[in-house]
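# Geometric and topological summary
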Amino acid sequence: TDTDNIIREDQVYDLERITHIAGGIGYSVRYAEYLRDTVPEVKYDHWGNPIPIEFGALAYPNPTSGRTTIKFEVPDSTDASFAIYNMMGEQIFMKEQESFEPGTYELPFDLTDLPTGTYLIMVLSEQYKESVRVVKI
């Protein structure tokens, strides 16, 4: 084994010179150039948090026995509203439009009074539309 190619915790290497070693994670100049060309530049808000590059939403915990939280990412300033629908397509809840600047947000929802089942939480804005399926157990 060529000991010059083994990375040990007590040694520091120039990342531009590390290559794929013994099946581990490696780094090369070619890979760095690939990342520079394919990964968009991250922008940060005034608090130092990364600004999302695309709109997205998820719910946690899911499934839930009562309360769930919608975490959503907004890449551009927008007004958004939130609605909860059952599987019959009936609207159960509607939250009025609210303004959001670019960033990541969390919004809690209380499903405690709803019967067991599957629900859709819709995040709606002029530019974006996202539905998140939530299972109430």
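Positions within a chain are numbered from 1, following the residues in the order the chain's sequence is written. Side-chain atom pairs in this predicted model are given and counted only at pLDDT of 80 or more, local residue features only at pLDDT of at least 70, and totals for whole chains, interfaces and linings cover all residues. With hydrogens and water set aside, each side-chain value is computed from the structure's full complement of heavy atoms.

### Let's talk about the overall build of the protein chain
A tally of helices and strands in the protein chain yields 1 helix and 7 strands. Order of helices (α) and strands (β) in the protein chain, N terminus to C terminus: α-β-β-β-β-β-β-β. Summarising the internal contacts of the protein chain: among those between residues at least 6 apart in sequence, 50% fall at separations of at least 24. Accessible surface, the protein chain: about 10,000 Å² in total, of which carbon and sulfur atoms supply 50%. Helix and strand definitions follow DSSP, with helices as H or I runs of at least four residues and strands as E runs of at least two, each counted in order from the N terminus. Contact definition: two residues touch when any of their heavy atoms are within 4.5 Å. Each accessible area value is a Shrake-Rupley result obtained with a 1.4 Å probe; residue values ignore everything except the protein chains displayed when judging cover.

### Points about the packing of aromatic side chains
Centre distance within 6.5 Å is the pairing criterion for rings of Phe, Tyr and Trp, where only the six-membered ring of Trp is used; planes under 30 degrees apart are then read as stacked, over 60 as edge-to-face, and the remainder as tilted. Enumeration over the complete set of coordinates arrives at 8 aromatic pairs. When the ring of Phe72 is compared with that of Tyr105, the centres are 5.6 Å apart and the planes differ by 25 degrees; the resulting orientation is stacked. Here the residue Phe72 occupies a position in strand E2 (residues 67–74), and Tyr105 occupies one in strand E5 (residues 103–110), the gap between them amounting to 33 residues. Residue Phe72 is classed as buried on the basis of its relative accessible area, which comes to 2%. Throughout, exposure labels follow a simple rule: accessible area from a 1.4 Å probe, protein chains only, divided by the maximum for the residue type, with under 20% read as buried, over 50% as exposed, and the rest as partly exposed. Residue classification places Tyr105 among the partly exposed residues on the basis of a relative accessible area of 25%. With a centroid separation of 5.9 Å and 85 degrees between ring planes, the pair formed by Phe93 and Phe109 is classed as edge-to-face. Of the two residues, Phe93 is situated in strand E4 (residues 91–100) and Phe109 in strand E5; the sequence distance between them amounts to 16 residues. Accessibility expressed as a relative area gives 6% for Phe109, which makes it buried. Taken together, Phe72, Phe82, Phe93, Phe100, Tyr105 and Phe109 form an aromatic cluster joined through their ring pairs.

### So, the nonpolar core
If you look at the biggest cluster of nonpolar residues, it comprises 20 residues, and the most contacted ones within it are Ile70, Phe72, Phe82 and Phe109. The set of elements that each furnish at least two residues to this core consists of strand E1 (56–60), E2, strand E3 (78–86), E5, strand E6 (117–125) and strand E7 (129–136). In this structure, Ile70 is in contact with Ala57, Leu58, Ala59, Tyr105, Glu106, Leu107, Phe109, Ile121, Val123 and Val132, ignoring residues within four places of it in sequence. By nonpolar core is meant a set of buried Ala, Val, Leu, Ile, Met, Phe, Trp, Tyr and Cys residues that side-chain atoms within 4.5 Å join together.

### Thoughts on the side chain of Asn86
Within the element layout of this structure, Asn86 appears in strand E3. Polar contact is defined as a pair of N or O atoms within 3.5 Å, subject to the rule that within protein one atom must be able to donate a hydrogen and the other to accept it, and that residues adjacent in sequence are counted only when both atoms are side-chain atoms. A distance of 2.9 Å separates a polar atom in the side chain of Asn86 from the backbone nitrogen of Met88. In terms of polar contacts, Asn86 uses its side chain to reach the side chain of Glu90, at 2.7 Å. Sequence-distant contacts of Asn86, that is, excluding residues within four places in its chain, are made with Ile92, Thr118 and Tyr119.

### Focus: the sheet that holds E4
One open sheet accounts for 4 strands, arranged E4-E3-E6-E7; its pairing is antiparallel. Pairing within the sheet leaves two strands with one partner each, and these edge strands are E4 and E7. Neighbour-to-neighbour, the strand axes of this sheet turn through a mean angle of 15 degrees, independent of strand direction. Two strands pair when backbone bridges link them, and E6 and E7 are joined in this way by 8 bridges, in the antiparallel orientation. Each bridged residue has a counterpart across the sheet, and for Leu124 the counterpart in E7 is Lys129. For two strands to count as paired, DSSP must find a minimum of two bridges between them. Axes, fitted as lines to C-alpha atoms, cover a helix only where it is in contact. Angles between the N-to-C directions of the axes lie from 0 to 180 degrees.

### Thoughts on the sheet that holds E5
Across the sheet, 3 strands lie side by side as E1-E2-E5; this open sheet has antiparallel pairing. Of all the strands in the sheet, just E1 and E5 have a single pairing partner and so form its edges. Across the sheet, the mean angle from the axis of one strand to that of its neighbour is 20 degrees, orientation sign disregarded. As judged from the 8 bridges shared by E2 and E5, these two strands associate in the antiparallel manner.

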